[in-house]
Amino acid sequence: MARPLLAVITRALPSETLFEDRLSDLSLRDRAAVLDHLDLLVPDFDVVIALPDAEKMARGLARMRGTPVVMAQPNGTAPSEAGPQTSSQEAADLPDEATNHWSLPTPDPLPEDIQTAVILTRQLQDGLPELLVALLAAKRGWTVRAVVAVVERTNFRGRTRLELQGMAVHAVLQIADTPRGLELERRFPNPE
């Protein structure tokens, strides 16, 4: 486990606000420790798909593995590449539109031989955003092998949702919501 991150995060417990602040503002050293840990856990992949809260981590992991990064974006936040007016045929050709709340704008150039992907998120909760992004990746012919989280909030059962779809879930830390506030998960051992 990434010990520096553990020390930073546990100092923030049980305050939800302090926890969120610490998690969103990890130091360079803490980020490097997490990336080293993830590099050991994550299976081989061709592309990293990053949720908006994990862009820095995703770029670091992609650099370590020599792969490209694709940024998943909630609909309405992606820059319009087609301009303000899009024909109905162009809209029909976009696999992300109208069926999902997320999009995967593709950076140029992206290798054509991409087959496997991992999704990286800063905090895994119910797993729904990660599942929707995995569906978009599948439309592009990419198999999502794993979802990687810096912190997994175990009470939300996102791991269960994603593992039932055949995706491995890797988390650096598991946090439980308890009556006393946030605590490190103790109900079941971290699989890592």
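How each quantity is defined
Residues numbered from 1 in each chain as written. Predicted model: local features only at pLDDT ≥ 70, side-chain atom pairs only at ≥ 80, totals over all residues. Heavy atoms only, no water. Buried < 20%, exposed > 50% of the residue type's maximum accessible area, 1.4 Å probe, protein only. Helix = DSSP H or I, 4+ residues; strand = E, 2+ residues; numbered from the N terminus. Pairing = 2+ DSSP bridges. Right-handed = clockwise from strand over helix to strand, strands pointing away. 1 Å grid on protein atoms, 1.4 Å probe; cavity = no way out; pocket = protein on both sides within 12 Å on 5 of 7 lines; lining within 4 Å. Points joined across faces, edges and corners; volume = space filled by probe spheres on them. Nonpolar A, V, L, I, M, F, W, Y, C, P; charged D, E, K, R; others polar.

### Description of the pairing of strand β1 (residues 47-50)
No. 1: Side chains V47 and I49 of β1 all project onto a buried face; the interleaved residues V48 and A50 project onto the opposite face, where all are buried too.
No. 2: Of the strand pairs in this sheet, β1 and strand β5 (residues 116-124) are connected by 4 bridges, and their pairing is parallel. What sits directly across from I49, in β5, is I119.
No. 3: Across 3 bridges, the pairing between β1 and strand β2 (residues 69-71) is parallel. Considered in β2, the bridge of V48 is made with V69.
No. 4: Tracing the backbone out of β1, into helix α4 (residues 55-65) and back to the parallel element β2 gives a crossover that is right-handed.

### Points about the layout of surface pockets
No. 1: Estimated volume of the second largest pocket: approximately 210 Å³.
No. 2: Along the walls of the second largest pocket sit 13 residues, with L23, S24, D53, K56 and R122 positioned nearest its centre.
No. 3: Contributions of two or more residues to the lining of the second largest pocket are made by α2 (16-24), α4 and β5.
No. 4: Grouping the constituent residues of the lining of the second largest pocket by class yields 5 nonpolar, 2 polar and 6 charged.

### Focus on the pairing of strand β6 (residues 143-153)
No. 1: Extensive coverage of β6 is indicated by the burial of 9 of its 11 residues.
No. 2: For the handedness criterion, the β-α-β arrangement of β5, helix α6 (residues 128-139) and β6 is classed as right-handed.
No. 3: Tracing the backbone out of β6, into helix α7 (residues 158-163) and back to the parallel element strand β7 (residues 168-178) gives a crossover that is right-handed.

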